[in-house]
Amino acid sequence: MIPQFKKIMYSSISLLFLATAAIPASGAAEVQSSIQTNVAPADSIEKDYNFFIKDLNGIPIVSGSGGVAAIGEEAFPIIVPDAISNMAASRYGNGRIVLAGDQRYFSLQNNKEPLSLLSRNILMWLTEESVMNNGMGAKYTGRYEEALTNKKTLRIVTTSEKLTVDPSLPIDVVKVDKWDRSTLNPNKYTVALIDESVKENEVPILKKYLNQGGNIIATINGGDLEGITRNTPVEKRAQLGNWRGIRISEHYPVQNLLNRTGLSLLNMKTNTSGTINHMTADTIKENHFLNRLIQGKKIEDGVLGYEDINLGPAGTDNEKKKSLLLSVLMETLETITPDSPLYDWAVKEAATYGKVQFPIKKAEMPYRNSLLNFQFTHFTIDAGNEKSPYADEFPGKVSETAQPVQNKKISINLGNPDLMYTRALPSKNWISTGLYAPPGKDITIIVPKGVENVSVQIGSHDDELNGLSEWKRVPNIVHFKKLTPGTNVISSPYGGLIYFIPMMTKTPDQQADFSISGAIEAPYYEIGKTTEQEWQKIMASGATAPFGEIKGEKLIITLPSEYLLELEDPRRIMSLWDDIITDYDRLAGLDTQKEMPHKRYPIPFRIVLDKQIKGGLMHAGNPIMVPIEYGSTNYAASILNEAYIKNNAWGFWHEIGHEYQQAPWTWGDLGEVTVNLFSLLTQEKFNNPSRLLDATNGKDSYDRALEFVMDTNPKKLYKQLGDFERLVMFQQLRMVYGWDFYTSIFTTYREMPDDQLPATNQQMIDTFVTISSKIAGENLVEYFSKWGIYCSEDTLSLIESLHLPKPKTEIWLVREEKK
């Protein structure tokens, strides 16, 4: 057994679907619980499938639809654009269920468009064997076919606000607030439409509804469920309790229901569009997840080759098949719940590989690595976890002599308002405790009465590396859990620093005292609180925990303790970082003393040093993630080095700048450009030479940019330039109008009502050119056109109506001179 899983009783699993022999056992990956398969009658598959394709020359595909999978005996895929399904169906008890990866697949319009016909066919299949009368009188029917032919009405019940129906269709939609026994009577409602909002206590009710002959259509885009972004409603963020680490398998009870019925949501989207040909009974079976699982095992055992399997569009080569198979296996196993009969089997099968060695090249063994990914993603921080065999490798060993704390008081502010008014990346309010949870050890947290809006997180390294081609560490080591008033016991198989996270709500500022026992003290310095004597004592005690933190007023850095404990003067270093960020605030027009919307809420930014991050040399996103080492550079040491911070830390300046970028004027060409206004500001602060003057092949960024500006081609586009050449334009505006020009821009966008913010690229360009011209007091249309940025006709007219003078000089030719 792999230790990070709780002890569980295993039983062999028999999955009756495919005409394939049981997987043979072989070597270290011996299958101790085989997948046994029997034939599903071809005529039964074809009969069901033919309902869905009636009157369709090809099946329509909705681009951006979420992936789904058929994982049970009675389930089958319906739409498979490449290798991942967008729609699947299953029988369950006396009922039926269809899972579609997008609401648009259920388009209840009365026309001959493919999506409309597909929606009709879905209802025809769901209600094929339903009761004739719904118990509501002769006007109603339980079968959609009868509704279409005999002027009767089908009733659909839903909690969703999204379902709209063409009034000419014989359908009544009944909206209910929740799923309970009265609303889910199959004798009243033949079809129920559900979405991701299903609650845990509603799952048994929906299950019983299906068993009794009710029918369900679920329209859910799984690719939207785990990604919590700046645009996610505050209510949903509060409900889930964290920004990252959301899992379909754990936080969406609807997945439990779907898994019981043999269907599953995947955390991905497919981008294919158009139509695809109808499948045969053989291709339907080929695209069932159990078949792909068997093929993966046989390929790994050398029984099959990729040339032997039919996967992907016609002409797909073996390398692409390997990639597609990995995607199918990994995405499906990653999201299943214990309600799936596959779950216990996957736990046991993954355990047969024992402890593996990192790094792991994911694509080399799709079957094994998908099971390992399942193993790495399905852990909790519930009480009783065993220590992972990987914990000592990363995050690292805990000192055996470290003494656990008893009833240590941690006081936190429960206020965690929505910071979207800044138009920039909202901060995550991780509240540091200075405590570390040893792996496999229970930690007891006492939560005060009445406090119900706080989560606890163990670990700082919340980059999930599942999507990378190579893993240098376990891809998931951080998790969180909502706390309840009273005694809570948690543990982590990997260990990590402990954080409290007040949920994003409208809770006013309120202090609450928590008590923690069982954790150990980590190296921790907080400017203004930790005295020099206390820090010397911490340094002398050594690295009890593998990671520690250093906290300024505006920045917290999480890094290996060995580097932190070499820092003689943490106050000096954090004061320097705070000073840099104060300048960023000033440029953005933010201050803790100002009134809203220009008030800087006092949540510090975070930088976390990690063994491996999920993208880029560094990346922003609260926390900012940075590799401990990259090439010949040791960033864990550099971030604490005063000379480096002042002269060479462009990457750090850049990533902190991302936290200030305002979305309404960061159109597609500017993501890695305007961020560097803050890097230029810091470069100037420390009197460093301009990076825009660095020469490559005898030309600097100005040389290349001004060649473009002087080009008279009316079709030239700003995006044809490199990022640093694009930055020249913003630096020119700064040189002509000063840094206050940008402070006014940031301020203006914060003051704009939400419903007036630009959305499209063109709207963003139009708004920015208009605001820039107003702030400059000059008509800048010609200036931006020189840079290949063009306004709409309406905006040109608007700016002309302002009667602003044109710039007195050719400001598009301004450049810095070398010092």
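If you check an unreviewed UniProt entry, the chain appears there as Peptidase M60 domain-containing protein from Neobacillus kokaensis.

Draft legend 1. Local environment of the pairing of strand S23 (residues 496-502). Summarising burial for S23: seven of the seven residues are buried, a large majority. Direction of pairing for strand S17 (residues 431-437) relative to S23: antiparallel, over a ladder of four bridges. Pairing of Ile431 across the sheet is with Phe500, part of S23. Pairing analysis gives five bridges linking strand S19 (residues 454-458) to S23, with the strands arranged antiparallel. If you follow Ile458 over to S23, its bridge partner there is Ile498.

Draft legend 2. Layout of empty space enclosed by the protein. Taken as a whole and judged by the stated rule, the model has seven cavities of 30 Å³ or more. Approximately 90 Å³ is the volume attributed to the second largest cavity. Together, 14 residues line the second largest cavity, and Gly245, Asp462, Glu464, Val478 and His479 are the ones closest to its centre.

Draft legend 3. Here's a closer look at helix H16 (residues 570-588). Given a rise of 1.5 Å per residue, 19 residues ought to cover 27 Å, and the 27 Å separating the end C-alpha atoms of H16 matches this to within 8%. Just downstream of H16, Gly589 is the residue with a positive phi angle, here 75 degrees.

Draft legend 4. Highlighting the packing of aromatic side chains. In this structure the tally under the stated criterion is 34 aromatic pairs. Ring centres of Phe730 and Tyr742 lie 6.4 Å apart, and the angle between their planes is 35 degrees; this geometry places the pair in the tilted category. Note that Phe730 is positioned in helix H22 (residues 723-737) and Tyr742 in helix H23 (residues 739-751), a separation of twelve residues in sequence. Judged by relative accessible area, Phe730 falls into the buried class, the value being 0%.

Scoring rules and cut-offs
All chains use their own residue numbering, which begins from 1 and follows the written sequence. pLDDT decides what is reported in this predicted model: residues at 70 or higher carry local features, side-chain atom pairs at 80 or more are listed and counted, and totals for whole chains, interfaces and linings draw on all residues regardless. Hydrogens and water are ignored here; the side-chain numbers use all heavy atoms of the structure. Only protein chains enter the area calculation, which uses a 1.4 Å probe; residues under 20% of their type maximum are buried, those over 50% are exposed, and those in between are partly exposed. Think of it this way: any DSSP run of H or I at least four residues long counts as a helix, any run of E at least two long counts as a strand, and we number them from the N terminus. Paired strands are those between which DSSP finds at least two bridges. Points on a 1 Å grid over protein atoms alone make up a cavity when a 1.4 Å probe fits among them but cannot get out, and a pocket when they form an open set with protein on both sides within 12 Å along at least five of seven lines; lining residues each have an atom within 4 Å of a point. Grid points are joined across faces, edges and corners, and a volume is the space filled by probe spheres set on the points. In this scheme, a helix's expected span is set at 1.5 Å multiplied by one less than its residue total. In summary, the pairing rule links any two rings of Phe, Tyr or Trp, Trp by its six-membered ring, whose centres are within 6.5 Å, and it sorts them by plane angle into stacked for under 30 degrees, edge-to-face for over 60 and tilted for everything else.

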